[in-house]
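# Examining the three-dimensional arrangement
Here's the letter readout for the chains.
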Amino acid sequence: MKGRVALFFLYACFVLQVGFIQADERADYIREHYTKYEKQIPMRDGVKLFTAVYMPNDMSKTYPILLLRTPYSVSPYGADQYKGQIGPHEAFEKEGFIFVYQDVRGRFMSEGQFVHMTPHIPDKQGNTDTDESTDTYDTIEWLLKYLPGHNSKVGQWGISYPGFYASAGSIDSHPALKAVSPQAPVSDFYWDDVYHHGAFLLPHLFGFLNNVQQKREGPTDEWPDPIYDIKTTDAYKFFLDVGPLKNVNELYFKEKSEFWNHITRHPNYDDFWQKRNILPHLKNIKAAVMVVGGWYDREDLFGPLNTYHTIEKQNPDTFNMLVMGPWYHGGWLRGKGSELGDTDFGFPVSEYYQAHVDFHFFKHFLKDDDSALNLPEALIFETGANRWRQFDQWPPASAEKTKLYFHKGNKLQFDAPPEEDDGYDAYISDPNKPVPHTRDNSKWINNTFYAEDQRFAARRPDVLVFQTDILDQDVTLAGVIQANLFVSTTGTDSDWVVKLIDVYPDDFGEKAAQQTLVRAEVFRGRFRESYTEPKPFTPNEVAGISFKLWDVLHTFKRGHRIMIHVQSTWFPFIDRNPQTYVPNIFEANQKDFITVTNHVYRSKRHPSHIEVGVLKQQF
């Protein structure tokens, strides 16, 4: 055993050393083949945005410009200080582009005032009406005028928040903007990074605002210190000890995070959030678009799917494609993508994407590439079967809408329940002993829990479990998953979490009986009729709630089972619902947090179920 440990340690050291060598070689290549410049580019209202430009040294030919705009700093600063990577991946640097990085308005070395998810101004009246679309347009105009050696074509890309800036840049596209790739883009802040169906993403926003969004005195090349120095090896305990969220300012933020205060004042989908929704404004897009997302993105699964569909609807003549792979947030460029959590995908999925999709897209539209564009409308990774599939539309037209119903005895069946009486299953939901979102609470929040074995949750009495019999043939689910539940509570508010799970056979080696999470989502019950005007439950009265778990392409293999979990806490990923209705949960007191009994009904009159498309097997 000691020998195996020693060999593993030596192997790990070798892999780490190889990684460092490859990173150093890439950094050396960039220094040898590119020259860095730093410029302050004026916008139409006079505000100057700090921009770093990496120009190829070989000026015997022309190059396209590849732009990334970010709120997260274009560091390192100084013309002699180089990034270790300047393209999405190494192939771009070897091919040759003019790489441009820009601090957005009000961030780091750029002038102006930073506004989260800058509201788009569709009807601009003059040069003082600026937004991220105008800043992108003005940046491109300046680059075309002053940069030597370009071929008059520009591409833009970005992951997460920079993905939002890529989407914004595509609106009323500059004529030179030929290719745009919003990747895991934030599209509607309420629905992406802040709330999921009205339920608050607690550790994500707490950590983000603690480290990122603070007031500054003026342009700076330094990151701010965290507001609070968080020292914990147990995130579950840390957030439970916070108590009601009204304590956050008193204990930690001390009123230093302006956006935390905005969040706490706007728990509903009101005008503050609605004007930060860029989706209605994704119009007049002339550039080719490739939207990229990850099936296991804990923050931004809503963003890529809705960005793609909105562009498709509002720009029918624009080249617009969707790529969805088995990745966490940005995982397509942050690892090989061979596995995640307790799920093995069988091969390095990210390497395929980088070589045959991402690079191919930009090279074709920016490099006068005469080769055929061998990219489909939708390139979707089918988890479970672990393969890429191509579709001429998403969701696929051939997917047949199918319902999976909850039955007594913890059964999940394709047939509706026959019972005339209101059968139900019940559980006690205690916000002081919430169901953890992961079995590993040592991390602040991990990237892997969306693909984690769920047996730790299934064994709790406050989690309902429904599963099919053993499947005698493969079942492929495709498209939007819609949860339609009939519920009641002894309280006046509650959350409802629905998980779709793939159960492995009992004799499947080290993965025997594993319950692998495929998709999950939470719904805050107060929003069952409206996200703008919440209302309490009437205790013990049956109510219908419907919400999307977003999309899926997953094959449950023969010999597996399909499982559904239903629960009312998912902590600390989602904040605790006090289960006493209060107008604003951020103002709830400790006495508002009560234990309730929740019921999920499964009868002919109240048939709780999920609805999703099923693809017929090819043979």
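Counting of residues starts from 1 at the beginning of each chain's written sequence and follows it residue by residue. At least 70 in pLDDT is required for a residue's local features to be given in this predicted model, at least 80 for side-chain atom pairs to be given and counted, and no such filter applies to totals for whole chains, interfaces and linings, which use all residues. As a rule here, side-chain values cover all heavy atoms of the structure and leave hydrogens and water aside.

## A short note on the overall build of the protein chain
For helices the rule is a DSSP run of H or I covering at least 4 residues; for strands it is a run of E covering at least 2, with both sets numbered from the N terminus onward. For the protein chain, the helix and strand inventory stands at 13 helices and 25 strands. Only C-alpha atoms enter the radius of gyration, while the globule expectation follows 2.2 Å times N to the 0.38, with N the number of residues. Taking 619 residues into account, the globule formula puts the C-alpha radius of gyration at 25 Å, and the protein chain, at 25 Å, falls close to it. Along the three orthogonal principal directions, the C-alpha set of the protein chain runs to about 80 × 60 × 55 Å. Looking at the 619 residues of the protein chain, the share that counts as buried comes to 60%. Two residues form a contact once any of their heavy atoms are found within 4.5 Å. Put simply, of all contacts in the protein chain between residues at least 6 apart along the chain, 76% involve residues at least 24 apart. Note on exposure labels: buried denotes an accessible area under 20% of the residue type's maximum, exposed denotes more than 50%, and partly exposed covers the range between, all computed with a 1.4 Å probe on protein chains only.

## Overview of a negative patch on the surface
Residues Asp24, Glu25, Asp28 and Glu32 make up a contiguous surface patch of negative charge. By the element assignment, Asp24 lies in helix H1 (residues 2-33). Of the residues examined, Asp24 reaches a relative accessible area of 48% and is grouped as partly exposed. Within this analysis, patches are made of residues with over 30% relative accessible area and no salt bridge. Like charges are joined at 9 Å or less; nonpolar side chains (Val, Leu, Ile, Met, Phe, Trp, Tyr) at 5 Å or less. Accessible surface area values rest on a Shrake-Rupley calculation with a 1.4 Å probe, where residue burial reflects the displayed protein chains alone. A pair is scored as a salt bridge if a Lys or Arg side-chain nitrogen falls within 4 Å of a carboxyl oxygen belonging to Asp or Glu. When charges are counted, Lys and Arg are positive and Asp and Glu negative, with His and the chain ends excluded. Charged groups are reduced to one reference atom each: NZ for lysine, CZ for arginine, CG for aspartic acid, CD for glutamic acid.

## Notes on the packing of helix H3 (residues 132-146) against helix H4 (residues 161-170)
For every element, the axis is a line fit to its C-alpha atoms; helices are fit only across the contacting stretch, and the angle between N-to-C directions ranges from 0 to 180 degrees. Contact pair H3 / H4: the axes reach a minimum separation of 8 Å and the direction vectors enclose 75°. What the angle tells us is that H3 and H4 run roughly perpendicular. The residues of H4 that touch H3, namely those facing Glu132, Ser133 and Thr136, are Phe164, Tyr165, Ala168 and Gly169. Along the lines of polarity and charge, the residues of the contact of H3 with H4 split into 3 nonpolar, 3 polar and 1 charged. Any angle between 65 and 115 degrees counts as roughly perpendicular, while under 35 counts as roughly parallel, over 145 as roughly antiparallel, and the rest as oblique. Under the scheme applied, nonpolar residues are Ala, Val, Leu, Ile, Met, Phe, Trp, Tyr, Cys and Pro; charged residues are Asp, Glu, Lys and Arg; polar residues are all the others, including Gly.

## Side note on helix H12 (residues 349-366)
The span one expects for a helix is its residue count, reduced by one, times 1.5 Å. Taking 1.5 Å of rise per residue, the 18 residues of H12 would be expected to cover 26 Å, and the 25 Å separating its terminal C-alpha atoms lies within 8% of that figure. His360 marks where H12 bends most, by close to 35°. A large share of H12 lies buried, amounting to 13 of its 18 residues. To obtain the bend at a residue, axes are fitted to the seven residues ending there and to the seven starting there, and the angle between these axes is taken.

## Observations regarding unusual backbone geometry
Between Ser75 and Pro76 the backbone carries a cis peptide bond, its omega angle lying at 5°. As for its placement among the helices and strands, Pro76 is situated in the loop between strand S3 (63-70) and helix H2 (90-95). With an omega of 0°, the peptide bond running from Phe571 to Pro572 counts as cis. Topologically, Pro572 is positioned in the loop between strand S23 (561-567) and strand S24 (596-601). We note that Glu255 has phi near 65°; this positive angle belongs to a residue other than glycine.

## Here we look at the side chain of Asn577
Relative to the helices and strands, Asn577 is located in the loop between S23 and S24. Here Asn577 falls in the buried class, since its relative accessible area comes to 3%. By the criterion applied in these results, polar contacts are pairs of N or O atoms within 3.5 Å in which, for protein atoms, one can donate a hydrogen and the other can accept it, and in which residues neighboring in sequence qualify only through two side-chain atoms. At 2.8 Å, the side chain of Asn577 forms a polar contact with the side chain of Asp495. Separated by 2.9 Å, the side chain of Asn577 and the backbone nitrogen of Gln579 make a polar contact.

## Examining the sheet that holds strand S13 (residues 378-382)
Each pair of strands is called paired provided DSSP finds at least two bridges between the two strands. Pairing within the open sheet is mixed, and its 10 strands lie in the order S1-S2-S4-S3-S5-S6-S9-S10-S13-S14. Edge positions in the open sheet fall to strand S1 (34-42) and strand S14 (387-391), since each of these has one partner strand only. If you compare each strand with its neighbour and ignore which way they point, the axes differ by 20° on average. Relative to strand S5 (residues 150-159), S3 is paired through 4 bridges, and the arrangement is parallel.

## Here we look at the pairing of strand S15 (residues 400-407)
Alignment of S15 against strand S25 (residues 609-615), held across 6 bridges, turns out to be antiparallel. Residue pairing for S25: Lys403 is matched across the bridge by Glu611.

## Brief notes about the packing of aromatic side chains
Centres within 6.5 Å make a pair out of two Phe, Tyr or Trp rings, where for Trp the six-membered ring is used; the pair is then stacked when the planes are under 30 degrees apart, edge-to-face when over 60, and tilted otherwise. Counted according to the given criterion, the structure contains 70 aromatic pairs. Each ring is checked for a lysine NZ or an arginine CZ that lies within 6 Å of its centre and within 35 degrees of its normal; such an atom marks a charge sitting over the ring. Stacked on the ring of Tyr29, the Lys or Arg Lys94 has its end atom at 5.0 Å from the ring centre.

## Examining the nonpolar core
Here, nonpolar core means buried Ala, Val, Leu, Ile, Met, Phe, Trp, Tyr and Cys residues that are tied together by side-chain atoms lying within 4.5 Å of each other. Counting 161 residues, the largest nonpolar core has Phe200, Ile263, Trp273, Val323 and Trp394 as the members making the most contacts within it. The contacts of Ile263, once residues within four sequence positions are left out, are Val194, Tyr195, Phe200, Leu205, Leu209, Trp273 and Phe586. In terms of nonpolar packing, the next biggest core, distinct from the first, is built from 21 residues, Val100, Trp142, Leu147 and Leu177 among them.

Read these as geometric descriptors, not functional statements.
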